[in-house]
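A closer look at the structure
Letter by letter, the chains look like this.
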Amino acid sequence: MKNSKVILVGAGPGDKELITLKGIKAIKAADIIFYDALVNPELLEFARKNTELIYVGKRRNEKRFSQDEIHELLASAAYKYDVIVRLKGGDPFVFGRGSEELNYLENKGIQTEIIPGISSALAVPATQGIPLTKRGLNESFYVITGTTSDGSVSKDLKYGAMSNATLVILMGLKNIEPIIEETLKYRDESTPFAIIQNGTREGESIILDIIQNYETATKMIDYSKPGIIVIGDTVAEHPAFFEEEIQRVLESVLT
Ligand SMILES: C[S@@+](CC[C@H](N)C(=O)[O-])C[C@H]1O[C@@H](n2cnc3c(N)ncnc32)[C@H](O)[C@@H]1O
């Protein structure tokens, strides 16, 4: 085997300027790049002209390679190239299967490196002006998957909903109904929530409401775009939250 290295790079949440300097240096040094669906393709422009670019995205119904095939592609690239970059959306270790890929490669004796990225779980609410913690409001936040392998709602949602934590739910748009219904068992129905889609990238949108009204709010979801759900009192810090709340109250009085 060559003296090669596979570098797992976090591409950040979407805005191409939200990758790390170290991540850009790795892209520039790469002989081959395997990239995911949520990676901003403009980042690939930093690669050298002769760098091979392989799309291995798995978004929605499109799935060109299984996870096992991706492992094999990475391992076989290590026999052919010196610098292999595996570019993943957000941070590779946050619902990114990054550790599975590293374990597979390390078990084969292949050198690896990890370059973290800014997770959408943090960056997307932040760029909208929604803090995940606020002194006096809460002491923690949960980042939860909205899609478990058996399709059910994660049991961690219950524990998060029982506390004052801000709940950040990734991959949850399709399951929004059971997610909010479970939250409603433990949180006040006037708890604010937000659905942010295409965060930090072109076509970014936000839906703001209280969980009681989730059925109306979710009619506005565009299921073709990635989105995160944020639930908790800190969502009211969004600059437009109270404006929209006044609008809602006026509408309910007038109708
Ligand atoms: C497989 S997870 C990967 C998360 C990624 N590793 C991270 O740290 O951001 C994909 C989910 O992240 C969320 N996501 C990623 N980028 C997003 C963005 N720009 N706007 C909204 N949600 C995003 C969505 O919930 C999407 O379904």
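The shown structure was predicted, so the numbers you read here are calculated from the model rather than taken from an experiment.

What follows covers the sheet that holds strand β10 (residues 227-231). Ordered in space as β6-β7-β10-β8-β9, the five strands form an open sheet in which the pairing is mixed. The sheet is open, and its two edges are formed by β6 (141-145) and β9 (205-210), each paired on a single side. The average undirected angle you get between the axes of adjacent strands in this sheet is 15 degrees. Where strand β8 (residues 192-197) meets β10, five bridges bridge the pair, whose relative direction is antiparallel. Bridging across to β10, Ile 195 finds its partner in Ile 229. Docked against the sheet, helix α8 (residues 241-254) engages β8 and β9, running at close to 55 degrees with respect to β9.

Our focus in this paragraph is the site of the ligand. Near the ligand you find 18 residues, and of these Val 94, Ser 119, Ser 120, Met 171 and Gly 227 are the closest. Separating a nitrogen atom of the ligand from a backbone N or O atom of Val 94 is a distance of 2.7 Å. Measuring from an oxygen atom of the ligand, one finds a side-chain N or O atom of Ser 120 at 2.7 Å. Only α4 (120-127) and β10 provide two or more residues apiece to the shell around the ligand. A per-class count over the shell around the ligand returns 10 nonpolar, seven polar and one charged. Shared between two domains, the shell around the ligand holds at least three residues of each, these being domain 1 (5-115) and domain 2 (120-254).

Side chains of Phe 95, Leu 122, Phe 141, Val 143 and Met 171 sit close together on the surface and give an oily, nonpolar patch of about 420 Å² of accessible area. Topologically, Phe 141 is positioned in strand β6.

Rules used in this analysis
- Residues numbered from 1 in each chain as written.
- Predicted model: local features only at pLDDT ≥ 70, side-chain atom pairs only at ≥ 80, totals over all residues.
- Heavy atoms only, no water.
- Pairing = 2+ DSSP bridges.
- Helix = DSSP H or I, 4+ residues; strand = E, 2+ residues; numbered from the N terminus.
- Axes fitted to C-alpha atoms, helices over the stretch in contact; angles between N-to-C directions.
- Contact = heavy atoms within 4.5 Å.
- Near = heavy atom within 4 Å.
- Polar contact = N/O pair within 3.5 Å; in protein donor to acceptor, adjacent residues only side chain to side chain.
- Nonpolar A, V, L, I, M, F, W, Y, C, P; charged D, E, K, R; others polar.
- Domains from an automatic or database assignment.
- Patch = residues over 30% accessible without salt bridge, like charges linked within 9 Å, V, L, I, M, F, W, Y side chains within 5 Å.
- Areas by Shrake-Rupley, 256 points an atom, 1.4 Å probe, with all protein chains shown as cover.
- Salt bridge = Lys/Arg side-chain N within 4 Å of Asp/Glu carboxyl O.

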